[in-house]
Amino acid sequence: MKYAAPRGTKDILPDEAPLWQAIERACRETFGLFNYREIRTPVFESTEVFSRSIGDSTDIVSKEMYTFADRKGRSLTLRPEATASVVRAALENNLLSTDNLLKVYYLGPMFRYERPQAGRQRQFHQAGVEAFGSADPSLDAETVQLSVKLFENLGLKELAVDLNSVGCPECQPVFREALKKYFAAHLAELCDDCRQRFAANPLRLLDCKEARCQKYIEQAPAMIDHLDPECQAHFAKVRGWLDGLKVKYRVNDRLVRGLDYYTRTVFEVVSKQLGAQNAVCGGGRYDNLVKQFGGKSVPAIGFAVGLERLAEIMGKSKVKSQKSKVDLFIAVLGEQAKKVAFDLMSQARDLGLSADTDFLGRSLSAQLKAADRLGAGYVYIIGDDELAKRSAALKNMKTAEQKEVPFAELFTQFAGECGKGCSCEE
Ligand code: HAM
């Protein structure tokens, strides 16, 4: 019987892993520069954690959640996103207060039962940040700046920031009514999903990607024309801060996000190098979510980056990531040589050098070819003669230079050769 990875999932293979590691490193470093600390939450939660926060009428909750009953009949869900999990964890562990900012970040897999296509998987990965405790517009601007900084640090340029405000519970109902009034006249022309959205959550109508709905969406009323004075002032200040920080963005008054918890600022970072699913990052403010979870009123803002989409753009942009190499390959002929090799490999690894040997009983030339494929920095060749004189040839694979080095001096020579203590990257 042949097995395949479940539909909508992908293996990240050893050749691809260095790119992922470089992305993860850049995320951790950049988030750290903005004083975010890591939080790790479980990959599953009580179903209500997601259904009550993301919104019953959203695509995520209504059709994309991996929900199952455990052996005691409790309803659990694989996390479709991490914001709700982080709110749950922050409240449960008393991390939130109104006189202190909590800044946390996460990296990890998320699960959504979506129709797989380019840029859309059922298990995908996100890196995200959440900041709790301030409604100040400068924090909105810093959050957008952080997402831009992350892409810059990864060497990516062809990206654009879309910015909008979705208002607050005071002004949203007025906008919803305006939308309903407008779309009521076009209901017959809209797609089936949109007709459902019209009844359940008219804001979602603006998010439809169907060609037949586009011309009606383009003409629809805009939230930013319906903001109450406080939300209007907040949005103006966010823009002012962004201008001051020289962060480029464009106001996209059609931008609504696929989750219901947002208030005021929302944003996405989009790439021309991606297809229909062009958002590589999405986020926004969610000032009422903590309260909705039963906590105090603690405003918050965050974003999440889709790592598969980021890896795709980086692959297309040919942004370099270091290929992992083995520093030292010990070619061996015979059991006795292998024992010496094991001893030398232990010493190498204690010094922080990566080392490997032959486990297939291959000929010397096959072992040298294997070392070449591994990108080995040096090869040390041990056969019967070498065992007798306790000394062997050390070959620099880059220059093809070879010199005789006694077993006992291998690592002093080695450090001298590459000039480090050593990781051999030159
Ligand atoms: P989201 O827009 O649903 O927001 O997801 C963020 C990013 O995750 C998207 O821009 C996209 O790059 C990636 N993504 C989403 N779904 C998939 C998928 N099926 N396959 C591949 N990539 C995908 C959130 O999840 C919010 N929790 C973000 C946030 C944090 N808002 C505030 N704080």
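Everything quoted here is computed from the prediction, not taken from an experiment.

When its secondary structure is counted, the protein shows 15 helices and 16 strands. Relative to the globule expectation of 22 Å for 426 residues, the C-alpha radius of gyration of the protein, 28 Å, shows a markedly less compact shape. Projecting the C-alpha coordinates of the protein onto the three principal axes gives extents of approximately 90 × 55 × 45 Å. Scored against the burial criterion, the 426 residues of the protein give a buried share of 49%. Put simply, of all contacts in the protein between residues at least 6 apart along the chain, 69% involve residues at least 24 apart. Accessible surface, the protein as shown: approximately 21,600 Å² in total, 49% of it carbon and sulfur. Each charge class in the protein can be summarised by its mean position, and for the 60 positive and 57 negative side chains these summaries are 3 Å apart.

Moving on, we get to helix H2 (residues 47-54). With respect to burial, H2 is a largely interior element, 6 of its 8 residues being buried. If you check which residues of H2 are buried, you get Thr47, Val49, Phe50, Ser51, Ser53 and Ile54. Residues of H2 that are buried sit in contact with strand E2 (44-46), helix H3 (59-63), strand E3 (67-69), strand E4 (75-78), helix H4 (83-92) and helix H10 (289-292). Phi for Gly55, located one or two positions after H2, is positive at around 110°.

As a rule of thumb, soluble globular proteins bury nonpolar side chains together. If you look at the biggest cluster of nonpolar residues, it comprises 95 residues, and the most contacted ones within it are Phe31, Phe132, Phe183 and Leu310. Filtering out sequence-adjacent residues up to four positions away, Phe132 remains in contact with Val86, Val87, Leu96, Asn100, Leu101, Leu102, Val104, Tyr286, Val290, Val298, Pro299 and Ala300. Counting residues in hydrophobic clusters, the runner-up holds 22 residues, among them Leu344, Leu353, Val405 and Phe407.

With respect to the secondary-structure elements, Leu394 resides in strand E15 (residues 391-396). Excluding residues that lie within four positions of it along the chain, Leu394 makes contacts with Leu328, Tyr378, Val379, Tyr380, Glu401, Gln402, Lys403, Val405, Leu410 and Phe414.

Spatial strand order, E1-E5-E6-E11-E10-E9-E7-E8: 8 strands in an open sheet with mixed pairing. Sheet topology places strand E1 (37-38) and strand E8 (250-251) at the edges, where each strand pairs with a single neighbour. As paired elements, strand E7 (residues 159-165) and E8 share 2 bridges and run parallel to each other. Looking at the pairing, Asp162 lines up with Arg250 of E8.

As a further point, take the site of the ligand. The environment of the ligand is made up of 27 residues, and the closest members are Glu81, Thr83, Glu114, Glu130 and Tyr262. The side chain of Glu130 places a nitrogen or oxygen atom 2.8 Å from a nitrogen atom of the ligand. Between the ligand and Tyr262 there is a distance of 2.6 Å, counted from a nitrogen atom to a side-chain nitrogen or oxygen. When the ligand sits alone it has 670 Å² of accessible area, and the protein chains cover 95% of it.

Next up on the list: the confidence of the model for the protein. In this model, the protein carries a mean pLDDT of 92, and residues with pLDDT of at least 70 account for 96%. Within the model, the stretch residues 420-426 combines pLDDT values under 50 with 15 contacts to residues more than four positions away or in other chains.

Below, the discussion takes up the packing of H2 against H4. At a minimum axis distance of 9 Å, the contact between H2 and H4 shows a crossing angle of 115°. The orientation of H2 relative to H4 falls into the category roughly perpendicular. Two packed elements cross with a definite hand, and for H2 against H4 that hand is right-handed. Here Val49, Phe50 and Ser53 of H2 lie close against H4, whose contacting residues are Ala84, Ser85 and Arg88. Among the residues forming the contact of H2 with H4, the class breakdown is 3 nonpolar, 2 polar and 1 charged.

This brings us to the environment of Asp136. Within the secondary structure, Asp136 is located in the loop between strand E6 (123-132) and helix H5 (137-153). The spatial distance from the C-alpha of Asp136 to the C-alpha of Lys237 is 9.0 Å, given a sequence separation of 101 residues. Contacts of Asp136, omitting those with residues within four sequence positions, involve His234 and Arg285. Side-chain polar atoms of Asp136 contact the side chain of Ser138, separated by 2.6 Å.

With that settled, consider the packing of aromatic side chains. For the structure shown, the criterion picks out 11 aromatic pairs. A cation over an aromatic ring shows up here: Arg122 above the ring of Tyr113, its NZ or CZ 3.9 Å from the ring centre. Between Lys180 and the ring centre of Phe198, over which it is positioned, the NZ or CZ distance is 5.2 Å.

Moving on, we come to unusual backbone geometry. Only a minority of non-glycine residues have a phi that is not negative, and only a minority of peptide bonds are not trans. Not every positive phi belongs to a glycine, and Asn94 is a case in point at roughly 50°. Considering the arrangement of structural elements, one finds Asn94 in the loop between H4 and strand E5 (102-111). The phi torsion at Arg264 lies on the positive side, around 55°, for a residue other than glycine. Residue position: Arg264 is located in the loop between E8 and strand E9 (265-271). Note on Arg264: relative accessible area 16%, which makes it buried.

A few words now on the pairing of strand E16 (residues 402-406). As paired strands, E15 and E16 are joined by 5 bridges and run antiparallel to one another. Bridging from a neighbouring strand, Ala393 pairs with Glu404 of E16.

Taking 1.5 Å of rise per residue, 16 residues should cover 22 Å, and helix H12 (residues 335-350) covers 23 Å from first to last C-alpha, within 8% of that figure. Looking at H12, one finds that the buried residues are Ala337, Val340, Ala341, Leu344, Met345 and Ala348. On an axial view of H12, the arc spanned by its buried residues comes to 145°, and they lie on one face. Away from its buried face, by an angle of more than 90 degrees, H12 presents the exposed residues Glu335, Lys339 and Asp350. In the segment just after H12, Gly352 is the residue with positive phi, at about 90°.

Conventions we followed
- Residues numbered from 1 in each chain as written.
- Predicted model: local features only at pLDDT ≥ 70, side-chain atom pairs only at ≥ 80, totals over all residues.
- Heavy atoms only, no water.
- Helix = DSSP H or I, 4+ residues; strand = E, 2+ residues; numbered from the N terminus.
- Rg over C-alpha atoms; globule rule 2.2 N^0.38 Å.
- Buried < 20%, exposed > 50% of the residue type's maximum accessible area, 1.4 Å probe, protein only.
- Contact = heavy atoms within 4.5 Å.
- Areas by Shrake-Rupley, 256 points an atom, 1.4 Å probe, with all protein chains shown as cover.
- Lys, Arg positive; Asp, Glu negative; His and termini not counted.
- Charge placed at Lys NZ, Arg CZ, Asp CG, Glu CD.
- Core = buried A, V, L, I, M, F, W, Y, C linked by side-chain atoms within 4.5 Å.
- Pairing = 2+ DSSP bridges.
- Near = heavy atom within 4 Å.
- Polar contact = N/O pair within 3.5 Å; in protein donor to acceptor, adjacent residues only side chain to side chain.
- pLDDT = per-residue confidence, 0-100.
- Axes fitted to C-alpha atoms, helices over the stretch in contact; angles between N-to-C directions.
- Parallel < 35°, antiparallel > 145°, perpendicular 65-115°, else oblique.
- Left-handed = near helix turned anticlockwise from the far one by under 90°.
- Nonpolar A, V, L, I, M, F, W, Y, C, P; charged D, E, K, R; others polar.
- Phe/Tyr/Trp six-rings, centres within 6.5 Å; stacked < 30°, edge-to-face > 60°.
- Lys NZ or Arg CZ within 6 Å of the ring centre and 35° of its normal.
- Expected span 1.5 Å × (residues − 1).
- Arc of directions from axis to C-beta.

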